[in-house]
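Each chain, letter by letter, is given below.
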Amino acid sequence: MSGAALRVLRAGALTTVQDLGRPGYAHLGVPRSGALDAGAHALANRLLGNPPDAAALETTLDGVALRALAPVTVAVTGAPCAVRVSGRAAAWGAPVRLRAGAELEVGRAESGVRGYVAVRGGFCVPPVLGSRSTDLLSGLGPPVLSAGTVLPVGPAGPDPVRGADVPALPGMPGELVLPLRPGPRADWFEPASIAALWRAEFRVSPASNRIGLRTEAGTRLVRARGGELPSEGMVLGAVQVPPDGLPVVFLADHPVTGGYPVVGVVPAGPALDAAAQARPGVPVRFVRAR
């Protein structure tokens, strides 16, 4: 560790430490976890010259407030928001230098849901199974942040701080379009239901979380067969259909097995990043993945 650290002054609705997660342990019953918006997490680290697997903070809706206990450089990406340093406006999506004692205030998301706060050197909390991610489903990793928590910072790497690839502020999407690869259990549903899936419009449910994006108010998928499906392995982006017929898109903290049929899988990439930022009420459509 570098000796630098940040203290949490305001933890926000839900702020966790996240890196690239724990893929490869499903056979041990360990979920993958990791940042929900992988693109925003990667951008925050690139801005600071961090390696891609450096741990950052993932905020939810109302941001976080931190005090630098030594000089550090930070960057805020993800959901656009106001950023202030000791009361003065600072840049979103760019490296920001904090002096010792300076207070960083990451405000409420103006659009989207999740913000990312990275620090040069990464947050150096103890790793569990090779990852510093908080997993809400299994409880692995550091606890959800609370006021007073001190977060140590690792040593800075050799890469320079830069900001050339920062995009324009993303806006709230009018709808969430998710590419879907049918299977492995699409045959558990009526052919007419599968055909209707490509025309249906759902909405993001308020019950969505890091485990999955739940849908509501769409065309309910009707099963072609009854009975129970033995639990089988689940992957990131699996679209499971519970008895109510409304699809659930599994996100980073998804369970490693499940007993409801999976109608298809949303490939990892920009679509799942967008799902991480979709607020309740946003329309959702599924299209055939190319």
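Anything mentioned here points back to the structure above.
Residues numbered from 1 in each chain as written. Predicted model: local features only at pLDDT ≥ 70, side-chain atom pairs only at ≥ 80, totals over all residues. Heavy atoms only, no water.

Engineer: Any details on the pattern of salt bridges? Residues and values, ideally.
Structural biologist: Tallying each qualifying case throughout the model produces eight salt bridges. Of the charged contacts in the structure, one is a salt bridge between Arg210 and Glu58, with a shortest N-O distance of 2.7 Å. On the criterion of sequence distance, the pair formed by Arg210 in the loop between strand E13 (202-204) and strand E14 (212-216) and Glu58 in strand E3 (residues 56-60) is long-range, its members being 152 residues apart. Arg210 gets classed as buried once you look at its relative accessible area, which sits at 2%. A relative accessible area of 1% places Glu58 in the buried class. In this structure, Arg67 engages Glu103 in a salt bridge whose closest nitrogen and oxygen atoms are separated by 2.6 Å. On the criterion of sequence distance, the pair formed by Arg67 in strand E4 (residues 64-68) and Glu103 in strand E9 (residues 103-109) is long-range, its members being 36 residues apart. Classification of Arg67 as partly exposed rests on a relative accessible area of 28%. Taken together, the salt bridges that share partners define one network made up of Glu58, Arg114, Arg210 and Asp253. (Salt bridge = Lys/Arg side-chain N within 4 Å of Asp/Glu carboxyl O. Helix = DSSP H or I, 4+ residues; strand = E, 2+ residues; numbered from the N terminus. Buried < 20%, exposed > 50% of the residue type's maximum accessible area, 1.4 Å probe, protein only.)

Engineer: Describe the side chain of Asn50, and please don't skip the residues or the numbers.
Structural biologist: Of note, Asn50 is situated in the loop between helix H1 (38-48) and E3. Accessibility expressed as a relative area gives 7% for Asn50, which makes it buried. Within polar-contact distance, the side chain of Asn50 engages the backbone oxygen of Val119 at 2.9 Å. Residues within four places of Asn50 in sequence aside, it is in contact with Asn45, Val119, Arg120, Gly121 and Gly122. (Polar contact = N/O pair within 3.5 Å; in protein donor to acceptor, adjacent residues only side chain to side chain. Contact = heavy atoms within 4.5 Å.)

Engineer: Kindly report on helix H3 (residues 270-277), identifying the contributing residues and their values.
Structural biologist: Burial of H3 is extensive: six of the eight residues sit out of reach of the surface. Listing the buried residues of H3 in full gives Ala271, Leu272, Asp273, Ala275, Ala276 and Gln277.

Engineer: An account of the nonpolar core is requested, with residue identities and associated values reported.
Structural biologist: Leu176, Leu178, Leu213, Val249, Val263, Val266 and Phe286 are the most contacted members of the largest nonpolar core, which has 34 residues in total. Mapped by element, the contributors of at least two residues to this core are strand E12 (176-182), helix H2 (191-197), E13, H3 and strand E20 (283-288). Per-element tally for this core: the top contributor is H3, with four residues. Every residue in contact with Val263, bar those within four places of it in the chain, is listed here: Arg181, Pro182, Gly183, Ala186, Phe189, Ile194, Leu197, Leu221, Val239 and Val241. Of all hydrophobic cores here, the second largest spans 30 residues; its members include Leu66, Cys81, Val96 and Ala102. (Core = buried A, V, L, I, M, F, W, Y, C linked by side-chain atoms within 4.5 Å.)

Engineer: I'd like a rundown of the sheet that holds E20, residues and numbers included.
Structural biologist: Within the closed barrel, the seven strands sit side by side as E12-E19-E16-E17-E14-E13-E20. Their pairing is mixed. Adjacent strand axes in the sheet meet at a mean angle of 40°, parallel and antiparallel pairs treated alike. Relative to strand E19 (residues 262-265), strand E16 (residues 238-240) runs antiparallel, the two sharing three bridges. From the neighbouring strand, Gln240 faces E19, where its bridge partner is Val262. (Pairing = 2+ DSSP bridges. Axes fitted to C-alpha atoms, helices over the stretch in contact; angles between N-to-C directions.)

Engineer: Report on the pairing of strand E5 (residues 72-78), specifying residues and quantitative values.
Structural biologist: When you tally the buried positions in E5, you get seven out of seven residues, the bulk of the element. The two faces of E5 match: Val72, Val74, Val76 and Gly78 on one face and Thr73, Ala75 and Thr77 on the other face are all buried. Direction of pairing for E5 relative to strand E8 (residues 96-98): antiparallel, over a ladder of three bridges. Directly across from Val74, in E8, lies its bridge partner Val96. Two strands pair when backbone bridges link them, and E5 and strand E10 (residues 114-119) are joined in this way by five bridges, in the antiparallel orientation. Following the sheet pairing, Gly78 is matched in E10 by Gly115.

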